[in-house]
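# Geometric and topological summary
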Amino acid sequence: DTEVTQTPKHLVMGMTNKKSLKCEQHMGHRAMYWYKQKAKKPPELMFVYSYEKLSINESVPSRFSPECPNSSLLNLHLHALQPEDSALYLCASRQDNEQFFGPGTRLTVL
Amino acid sequence: AQSVSQHNHHVILSEAASLELGCNYSYGGTVNLFWYVQYPGQHLQLLLKYFSGDPLVKGIKGFEAEFIKSKFSFNLRKPSVQWSDTAEYFCAAASGGYNKLIFGAGTRLAVHP
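Here's a quick rundown of the structure. Starting from 1, residues in each chain are numbered consecutively following that chain's sequence as written. Chain A is the first chain written and ligand 1 is the first ligand written, with later ones labelled in order. Restriction of local features to residues with pLDDT of at least 70 applies here, the model being predicted, together with a cutoff of 80 or more for giving and counting side-chain atom pairs; totals for whole chains, interfaces and linings are based on all residues. Derived side-chain values reflect all non-hydrogen atoms in the structure, with water molecules and hydrogen atoms excluded from consideration.

### Description of the overall build of chain B
In this description a helix means any DSSP run of H or I spanning at least four residues, a strand means any run of E spanning at least two, and both kinds are numbered starting from the N terminus. A count of helices and strands for chain B gives zero helices and 12 strands. Radius of gyration means the value over C-alpha atoms here, while the globule rule gives 2.2 Å times the residue count to the 0.38 power. Compactness check: chain B gives a C-alpha radius of gyration of 14 Å against a globular reference of 13 Å for 113 residues, within 12% of the reference. Dimensions of chain B, computed from the C-alpha atoms along their principal axes, are close to 45 × 30 × 20 Å. If you take every contact in chain B between residues at least 6 apart in sequence, the share linking residues at least 24 apart comes to 54%. A total accessible area of about 5,400 Å² is found for chain B, and carbon and sulfur atoms account for 54% of it. Only heavy atoms matter for contacts: two residues are in contact if any of them lie within 4.5 Å across the pair. The Shrake-Rupley method, run with a 1.4 Å probe sphere, supplies the accessible areas, and residue values consider only the shown protein chains as cover.

Here's what the structure looks like:
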């Protein structure tokens, strides 16, 4: 298995909902990343996990809560989001110096 | 501060024209450089990468890039573009133990038949 998978592909949620995004890789990579990409903008780093520990939080609001239950799985828990949080959320895993991206979850917050 | 800048935000070409997209980076120390492509509605794909060695790197789909250290540049080239090359192109740089990727603003390429 040489890919990063993300579920769901699309998610629509209200501002009071709680939802989670899921990312999975079975390539044995020990570093995983969450990025946020707004329309017509480049991806921006949110979090980095290394060996299942949170290593970098790029000052992301607490309504985004990452979790790394094991070396293959990365979650992003969402609660009380704002409409401006609507974006494509990308997950990536890293081998050596190269990051492999998943297809993303397109999130719409109403 | 570390940064990546792309010179052109929108490029329009006819098929068979040559392409060069500019990228400059601002980093201290060792840096790894990448070009990613994002086709409409699809996810990011790696076109090519430079870590060290030969400054001219060849990637997929006929793309190549040249690392010029003295100019802090990593420009992307393709001798003859096709309509299927229509996409957004991102230059990115990474350094440090956690390999934080910083992307340029992107260049939107439209190729007309």
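### Focus on the interface of chain A and chain B
Tallying the contact residues gives 22 residues for chain A and 19 residues for chain B. Once two parts are brought into contact, the accessible area they lose, counted with a 1.4 Å probe and summed over both, makes up the buried area. Between chain A and chain B, the buried area comes to about 1,700 Å², and carbon and sulfur atoms account for 58% of it. A per-residue breakdown of the area chain A buries against chain B is headed by Asn97, Glu98 and Phe101 of chain A, which together make up 31% of the total. Note on definitions: salt bridges are taken to be side-chain nitrogens of Lys or Arg within 4 Å of carboxyl oxygens of Asp or Glu. Linking chain A with chain B are two salt bridges, by the criterion used here.

### Describing the sheet that holds strand β7 (residues 64-70) of chain A
Residue and element names in this part refer to chain A. One requirement defines pairing of two strands: DSSP has to find at least two bridges between them. Ordered by their spatial adjacency, four strands build an open sheet running β1-β3-β8-β7, and the pairing between neighbours is antiparallel. A strand with exactly one partner marks an edge of an open sheet, and here the two such strands are β1 (4-7) and β7. Neighbour-to-neighbour, the strand axes of this sheet turn through a mean angle of 20°, independent of strand direction. With four bridges connecting them, β1 and strand β3 (residues 18-25) associate as antiparallel partners. Counterpart to Val4 in the pairing with β3 is Gln25. The axes are straight lines fitted to the C-alpha atoms, using for helices just the contacting stretch, and the angles between their N-to-C directions are given from 0 to 180°.

### Here we look at the pattern of salt bridges
All names here are of chain B. By the definition in use, this model includes 11 salt bridges over all chains. Taking the shortest distance from any N to any O, the salt bridge between Arg77 and Glu66 comes out at 3.2 Å. Residue Arg77 is found in strand β9 (residues 73-78), and its partner Glu66 is found in strand β8 (residues 64-68); the two are separated by 11 residues along the sequence. Only protein chains enter the accessibility calculation, which uses a 1.4 Å probe; a residue whose area is less than 20% of its type maximum is buried, one above 50% is exposed, and one in between is partly exposed. A relative accessible area of 28% places Glu66 in the partly exposed class. Put simply, Glu88 and Arg108 hold a salt bridge, and the shortest N to O gap is 2.8 Å.

### Observations regarding the nonpolar core
The biggest cluster of nonpolar side chains holds 29 residues, and the ones touching the most others in it are Trp35, Leu48, Phe74, Leu76 and Tyr89 of chain B. For this core, the leading source of residues is strand β10 (residues 87-95) of chain B, giving four residues. Apart from the residues lying within four places of it in its own chain, the contact partners of Leu76 of chain B are Leu19, Glu20, Leu21, Trp35, Leu47, Leu48, Phe63, Glu64, Ala65 and Tyr89 of chain B. Side-chain atoms within 4.5 Å link the members of a nonpolar core, which is a set of buried Ala, Val, Leu, Ile, Met, Phe, Trp, Tyr and Cys residues. The next biggest cluster of nonpolar side chains, apart from the first, holds 22 residues, and it includes Leu11, Cys68, Leu74 and Leu107 of chain A.

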